[in-house]
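Observations on the model geometry
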Amino acid sequence: MNHNGNHIESRLWAAADELRANSRLKSSEYSVPVLGLVFLRYADHRFQAAAAMIEGGGSGSKSVGRSRRRTIGPDDYKAQGVLFLPEEARFGTLMRLTEASNIGEAINEAMRAIEVHNQDLKGVLPRNYNRFENALLMELLKTMNSIPMDIEGDAFGRIYEYFLGNFARAEGQKGGEFFTPLALVRLIVAIIEPFHGRIYDPACGSGGMFVQSARFVEEHRKNPGSDLSIFGQEKVEETVRLGKMNLAVHGLSGDIREGNAYYEDLHKSPGRFDFVMANPPFNVDRVDKERLKDDPRFPFGLPRVDNGNYLWIQIFYSALNENGRAGFVMANSASDARSSECDIRRQIIADRAVDVMVAVGSNFFYTVTLPCTLWFFDKAKRKTDRADQILFIDARHIYTQVDRAHRDWTPAQIEFLANIARLYRGEAAENLHESADLMAEHFPDGTYIDIPGLCKVATIEEVEAQGFSLNPGRYVGVKAREEDDFDFRERLEELNEELELLTLEARELEERIAENVGKLLEGE
């Protein structure tokens with residue numbers, strides 16, 4: 001976001017983070033109250049704009065001006081789709097407080113007042129500001145008050161998102177529980193294309209999948225408010241609040257409920273949704289499978305191993321209706337998992353639900369260097385020429401180095417990867433984010449082709465021959481390279497990837513040999 005040549009979100013973050021550094025507060029103690037103030041400033045921004053229109057009888061007003069001779073109240077603001085703010089909840093009121101006032105209690109009261117007048121937010125807004133010193137709160141209010149009043153409403157959403165990402169980075173491993181890197185979310189959204197229907201995320205964190213879906217719909221000149229219905233579930237109460245505030249700041253509404261998705265299906269999900277998106281926790285153990293044995297969300301059976309990955313995969317699969325699409329982040333190990341997990345994977349592949357698999361390189365997450373895989377289901381593909389095919393994309397060599405430890409995708413790189421899926425589906429490539437040069441370089445005829453090291457369409461038979469592995473590296477291969485174009489770092493990464501594959505195959509052979517030896521000994 002840019003306003004008058006300055007990046008507002010980064011300036012605000014720098015100011016707010018400096019206050020935290022001088023306060024001895026941990027990032028985890030600081031994040032929700034600060035995000036609450038971003039929300040409050042946004043609500044005030046919209047309220048003041050609506051007030052000027054309503055009280056002035058503006059042309060866009062659906063309500064009345066002073067000529068009607070009646071008191072303008074909360075219903076008039078609700079009719080405009082704006083939160084009503086009573087006097088004590090307005091930012092101007094808080095800014096007039098002196099340092100001798102109990103500022104923490106005043107902000108708490110402001111949050112309570114908003115909830116009283118807006119029942120959808122009941123129990124959502126933070127009300128623990130009296131834990132902080134007056135001086136810190138006053139400086140935070142001044143920081144938020146420095147946001148210009150002439151910026152667009154979506155700017156607040158970007159500020160909230162920017163703060164979420166930075167808090168996630170500051171909170172380390174815990175931050176990954178509520179925030180998925182935007183590049184991954186945007187690629188998932190761009191491939192499943194949630195233009196219209198019911199969207200579900202049973203591990204929704206702070207709601208980033210919903211926000212990016214709405215942005216995608218807006219980008220394609222549609223109205224997310226009327227085209228999307230949002231349903232989420234999240235097990236951490238505080239994160240549910242972050243998600244609801246995130247939706248509100250972006251002008252969205254949805255049904256986000258608190259509950260553990262392993263044991264509680266709060267939205268009665270089987271067959272109900274057009275789109276499913278998620279970034280579930282990886283490799284969770286100690287799930288009580290006794291409680292799941294009659295659950296219809298696991299049509300292919302429960303995995304025997306103590307790992308939750310294939311529980312999540314089936315939750316996503318079963319939530320889709322017959323034309324539904326899903327995109328989700330998953331641990332790399334799930335693509336090649338053996339035994340009962342392989343049997344579940346085989347059944348999903350045989351059902352013709354797996355559409356696209358994308359290998360993502362390391363260092364995309366803030367605190368975990370491990371690579372991951374993006375899985376995409378499309379149940380409608382059974383009725384197409386792609387029924388017996390799966391597109392594998394190896395995106396491990398496509399990235400932009402942010403700093404020594406972190407990588408990202410540019411908008412053009414995300415669009416390029418999504419365009420590969422579009423060409424595979426027989427759709428036209430998009431160029432909303434300047435991916436035309438990348439497309440011309442790799443797909444000069446504007447049609448899909450297999451490219452070694454980048455993408456490969458494999459048949460179900462080929463996948464079966466690979467033991468039902470969904471590891472893109474097994475199919476895509478390695479890019480051919482001329483010796484005079486030698487780059488040591490890239491070559492080392494390629495050799496390391498090849499070594500990983502060979503090690504994996506060696507491990508499988510070792511298991512088979514052990515299994516066969518065991519059978520021979522049993523037969524003696």
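Let us look at the structure shown here. Note that the structure is a prediction, hence the values are computed from the model and not measured. (Residues numbered from 1 in each chain as written. Predicted model: local features only at pLDDT ≥ 70, side-chain atom pairs only at ≥ 80, totals over all residues. Heavy atoms only, no water.)

Considering the pattern of salt bridges
What counts, and what does not: Salt bridge criterion: a side-chain nitrogen from Lys or Arg within 4 Å of a carboxyl oxygen from Asp or Glu. A simple rule labels every residue: compare its accessible area, found with a 1.4 Å probe on the protein chains alone, to the largest value its type can have, and call it buried under 20%, exposed over 50%, or partly exposed in between.
As enumerated under the stated definition, the model contains 28 salt bridges in all. Arg 297 is the partner of Asp 295 in a salt bridge, and the nearest nitrogen-oxygen pair spans 2.9 Å. On the accessibility criterion, Arg 297 (1% relative accessible area) is buried. Taken together, the shared-partner salt bridges connect Glu 193, Arg 325, Asp 355, Asp 378, Arg 386, Arg 422, Arg 425 and Glu 430 into one network.

As for the environment of Gln 347
Stated precisely, the cut-off is as follows: Each helix is a run of DSSP H or I of at least 4 residues and each strand a run of E of at least 2, with the numbering of both proceeding from the N terminus. Under the rule applied, a polar contact is a pair of N or O atoms within 3.5 Å (in protein, one hydrogen donor and one hydrogen acceptor; residues adjacent in sequence only if both atoms are side-chain atoms).
Within the secondary structure, Gln 347 sits in helix α13 (residues 339-350). Once the C-alpha coordinates of Gln 347 and Phe 300 are considered, the two residues, 47 residues apart in sequence, prove to be 6.9 Å apart. Polar contacts involving the side chain of Gln 347 include one to the main-chain carbonyl oxygen of Phe 300, which spans 3.3 Å.

Focus on the side chain of Thr 143
To keep things clear, this is the line we draw: Note on definitions: a residue-residue contact is assigned when non-hydrogen atoms from the two residues lie within 4.5 Å.
Along the chain, Thr 143 falls in helix α6 (residues 134-145). Here the side chain of Thr 143 touches Glu 139 through a polar contact of 2.8 Å, landing on its backbone oxygen. Contacts of Thr 143, omitting those with residues within four sequence positions, involve Leu 12, Ala 15 and Leu 19.

Some points on the sheet that holds strand β4 (residues 273-278)
The criterion, for reference: Two strands are counted as paired when DSSP detects at least two bridges linking them. Axes, fitted as lines to C-alpha atoms, cover a helix only where it is in contact. Angles between the N-to-C directions of the axes lie from 0 to 180 degrees.
Sheet architecture is open: 9 strands sit in the order β3-β2-β1-β4-β5-β7-β6-β8-β11, paired in mixed fashion. With one partner strand each, in any of the chains shown, β3 (255-258) and β11 (455-459) form the two edges of the open sheet. Each adjacent strand pair in this sheet contributes to an overall mean axis angle of 15°, direction not counted. In terms of strand pairing, β4 meets strand β5 (residues 320-331) through 5 bridges, oriented parallel. Residue Phe 275 lies in a different strand from β5, and its bridge partner there is Arg 325.

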